[in-house]
Amino acid sequence: MEQPAVSFPLRVVAQDVALALFITVMQVQGTVAKVAVDGAPRPLTDLGNLGFALLALSGLVVAVRRRWPVPVFVTTALASLVYFSLDFPDGPGWLGLFVALYTLTAYGDGRRSVAIAGVGTTVLAVGWLVAAADIEPRAAIGWVFFRIGASVMSAALGESVRSRRVIAAEAQQRAELAERTREEEARARVDAERLRIAREVHDTVAHAIAIINVQSGVTAHVLDKRPEVAREALQAIEETSSRALREMRAILGVLRDDNDGRLPYPGLGQIDELTAKARDAGLDINLEETPPAAPLPSAVGSAAYRILQESITNVIRHVGPTRVTVALNPGTDALEIRVTDEGRRAAAGDEGPHLPAPHPAGTAGSAKPGRGIVGMRERCQLLGGELDAEPTPGGGFEVRARLPLAPTGSRL
């Protein structure tokens, strides 16, 4: 089946028309000049100027060679067979045929076009040899073999051009695909970094705001009765806010080109400071820590710190003063973390701050996780670990996390 017609720019159409006119003139004028020198067994004017008509047809049809390559080749091949079968004079009447063969394979679809060219050339070779069976002088048969060889070369040249064009197109597609893949990977890295920064900001701000909220409540409650306690609470607020600002600078420092002012990401080495701040906020923290046999990977230490920070922040925010047990058990292949609180205590009278009501999405009495628990779980999953958070039978809440020491996920 013939391929659907394709539109070509006017410039290309004009080039093909000019080429067709040039070939037509060359075929007709060249044959006439050859006849004038060597003579001819049959003049071009025989049978109603059929010789001229065949030469002109095989030349002019080249004007539409790109749009209909197969019909153009068939037309030029039939014109050549009729021309030489009727013993018209030999000359450059094969120019249009060679261009048609080249076009067929150069602009065809590969195997099918080569097959058509091969069959057509075979038919032409047989027809030409039969027509030249009694040619005189016998040396003139060399022109028959020239036409056969030139036909094969035209088809081979066209196929070579097509193959190189296909290879170039495939290389361009691969380059574009590789570029798109690089862009997608870059976007994925940017998204991952944004998510990491969002988590760090959430953990830092949430923890600091929770402590500041509790301490400001203490200050408002005891400002008149116990100014020394209020002064201590204000100092705790100042220290907490300063620490939060330093951590925010360290987190957002990746968005700058320099390293000035950056602090290392927090790890388990700062757990004593974390628990001290929690005690200042009214928690009774019991830390059960087993020293690791070897230094923990930085990604594991940072994730563990953030999980502890978020767990303690949730207790401060949603429970208030209570007893909390923090257990760290580094094993041979994983770090196990457990944070357990005993739940809300009875009202502390005038000596305690007015605490906010428990949050419905993150309280000890609700199994529905809040955003903080979701963030902790995501941190564990990024390292190939797992996290469970659920109420305890005594009315408290427990967070359990397991972080592999050889993380299988992406670093935070």
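Please refer to the structure higher up on the page.
Residues numbered from 1 in each chain as written. Predicted model: local features only at pLDDT ≥ 70, side-chain atom pairs only at ≥ 80, totals over all residues. Heavy atoms only, no water.

Caption draft 1: Fine view of the overall build of the chain. In terms of helices and strands, the chain carries 10 helices and five strands. For the chain, with 412 residues in total, the buried portion stands at 40%. Of all intrachain contacts in the chain linking residues separated by at least 6 positions in sequence, the fraction that spans at least 24 positions is 73%. Accessible surface, the chain as shown: approximately 21,900 Å² in total, 60% of it carbon and sulfur. (Helix = DSSP H or I, 4+ residues; strand = E, 2+ residues; numbered from the N terminus. Buried < 20%, exposed > 50% of the residue type's maximum accessible area, 1.4 Å probe, protein only. Contact = heavy atoms within 4.5 Å. Areas by Shrake-Rupley, 256 points an atom, 1.4 Å probe, with all protein chains shown as cover.)

Caption draft 2: Examining the packing of helix α1 (residues 10–38) against helix α4 (residues 95–106) more closely. Relative to each other, α1 and α4 sit at 145°, their axes nearing to 9 Å. Across the interface between the two elements, L19, I23, M26 and Q27 of α1 pack against L95, G96 and V99 of α4. (Axes fitted to C-alpha atoms, helices over the stretch in contact; angles between N-to-C directions.)

Caption draft 3: Examining α1 more closely. When the terminal C-alpha atoms of α1 are compared, their 42 Å separation across 29 residues agrees well with the 42 Å that a helix rising 1.5 Å per residue should span. Within the sequence span of α1, burial applies to V12, D16, A20, I23, T24, Q27 and T31. Looking at the buried residues of α1, the elements they touch are α2 (46–60), α3 (69–85) and α4. At the exit of α1 stands G39, carrying a positive phi of roughly 80°. (Expected span 1.5 Å × (residues − 1).)

Caption draft 4: Focus on a nonpolar patch on the surface. Residues L10, V13, V17, L21 and L60 make up a contiguous nonpolar surface patch of roughly 440 Å² in combined accessible area. Per-element accounting of the nonpolar patch gives the leading share, four residues, to α1. If you trace the backbone, V17 turns up in helix α1. (Patch = residues over 30% accessible without salt bridge, like charges linked within 9 Å, V, L, I, M, F, W, Y side chains within 5 Å. Salt bridge = Lys/Arg side-chain N within 4 Å of Asp/Glu carboxyl O.)

Caption draft 5: Up close: the environment of S80. Tracing the backbone shows S80 in helix α3. Between the C-alpha atoms of S80 and W128, which are 48 residues apart in sequence, the distance is 8.6 Å. In this view, S80 contacts L97, L124 and W128; residues no more than four positions away in its chain are not counted.

Caption draft 6: Here's a closer look at the nonpolar core. In this structure, L283, L308, I316, I337, L387 and L403 are the most contacted members of the largest nonpolar core, which totals 38 residues. With residues up to four places along the chain from it excluded, the contact list for L308 reads L268, I271, L274, V326, L328, I337 and V339. (Core = buried A, V, L, I, M, F, W, Y, C linked by side-chain atoms within 4.5 Å.)

Caption draft 7: Main features of the packing of helix α8 (residues 271–280) against helix α9 (residues 298–318). Look at α8 against α9: their axes get within 11 Å of each other, and the N-to-C directions meet at 5°. On the basis of the axis angle, α8 is roughly parallel to α9. Between α8 and α9, the contacting residues are I271, L274 and A278 on the first element and Y305, L308, Q309, I312 and I316 on the second. Residues belonging to the contact of α8 with α9 are distributed by class as follows: seven nonpolar, one polar and no charged. (Parallel < 35°, antiparallel > 145°, perpendicular 65-115°, else oblique. Nonpolar A, V, L, I, M, F, W, Y, C, P; charged D, E, K, R; others polar.)

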